[in-house]
Amino acid sequence: MSDPRYQVDVSVVTRFLVEQSLPEQDRFAFAYTITVQNNGQLPAKLLSRHWVITDGDGHVEEVRGAGVVGQQPLIGVGESHTYTSGTVMTSRVGTMQGSYQMLAEDGKHFDAIIAPFRLAVPGALH
C-alpha cells in the first residue's frame, strides 16, 4: 500500500481537435485537460513529467520534461492544479500514460502515476 502522506491523484478529460487535424494527411490533434489533486498529507511540487504515447499502429513515443506547460506548481494539501495541453498522432486512436515526478515538502521524491487514457476521433471506436 502506498504511503498516505504522498497521495496525488490524476484525472484526465480528452477532446479531438477537428480544426487542427488533417485526416487526409494522417494528422489527428487532441487536447487533454489534466487535474492533479493532492490527496496526501504534505504539499508537493510537480517537478517533471514522463509520457508514453502509443498510436493506433503501436508506435511509441516517450516525452520527458520539466514541469507542465512551463510550470512547476506547488500543490497544497487538498488542492489541485489543472492545465490543458495536447498532442498530434498519425492514427485515429491512441493512448497516453505516464507519471509526474513530485517533491514533497519533507524532501521526499515520489511519482504520481497517470493511468492509461484513450485518445480517439469521435466515431472511430464502436
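Up top is the structure.
Criteria and thresholds
Residues numbered from 1 in each chain as written. Predicted model: local features only at pLDDT ≥ 70, side-chain atom pairs only at ≥ 80, totals over all residues. Heavy atoms only, no water. Pairing = 2+ DSSP bridges. Helix = DSSP H or I, 4+ residues; strand = E, 2+ residues; numbered from the N terminus. Axes fitted to C-alpha atoms, helices over the stretch in contact; angles between N-to-C directions. Contact = heavy atoms within 4.5 Å. Salt bridge = Lys/Arg side-chain N within 4 Å of Asp/Glu carboxyl O. Buried < 20%, exposed > 50% of the residue type's maximum accessible area, 1.4 Å probe, protein only. Core = buried A, V, L, I, M, F, W, Y, C linked by side-chain atoms within 4.5 Å. Polar contact = N/O pair within 3.5 Å; in protein donor to acceptor, adjacent residues only side chain to side chain.

Sheet architecture is open: three strands sit in the order 1-2-6, paired in antiparallel fashion. Edge positions in the open sheet fall to strand 1 (8-16) and strand 6 (80-89), since each of these has one partner strand only. Across the sheet, the mean angle separating the axes of adjacent strands is 20° when strand polarity is ignored. Relative to strand 2 (residues 28-38), strand 1 runs antiparallel, the two being bridged by nine bridges. Within the sheet, the bridge partner assigned to Phe16 lies in strand 2 and is Phe30.

Once that is clear, we can look at the environment of Val93. Among the structural elements, Val93 can be located in strand 7 (residues 93-104). It is 7.2 Å that separates the C-alpha atoms of Val93 and Arg118, two residues lying 25 residues apart in sequence. When residues no more than four places from it in sequence are discounted, the contact partners of Val93 are Asp55, Gly56, Arg118, Leu119, Ala120, Ala124 and Leu125.

The next point concerns the pattern of salt bridges. Pairing of side chains with opposite charge becomes possible as their charged atoms draw close. Applying the stated criterion to the full structure yields two salt bridges. The salt bridge partner of Arg5 is Asp3, with a shortest N-O separation of 2.5 Å. Arg5 gets classed as partly exposed once you look at its relative accessible area, which sits at 36%. By relative accessible area, which is 29% here, Asp3 ends up partly exposed. The partner of Glu62 in a salt bridge is Arg64, and the shortest N-O contact between them spans 3.7 Å. What makes Arg64 exposed here is its relative accessible area of 61%.

It is worth spelling out the nonpolar core at this point. Grouped together as the largest cluster of nonpolar side chains are 27 residues, with contacts concentrated most on Trp51, Tyr100 and Met102. Going through the elements one at a time, strand 1, strand 2, strand 3 (44-55), strand 6, strand 7 and strand 8 (109-120) are the ones with two or more residues in this core.

Relative to the elements of secondary structure, Ser21 occurs in the loop between strand 1 and strand 2. At a separation of 2.8 Å, a polar atom in the side chain of Ser21 contacts the main-chain carbonyl oxygen of Leu17. Of the polar contacts made by the side chain of Ser21, one reaches the backbone nitrogen of Ala29; its length is 2.8 Å. In contact with Ser21, not counting residues within four places along its chain, are Phe16, Arg27, Phe28 and Ala29.

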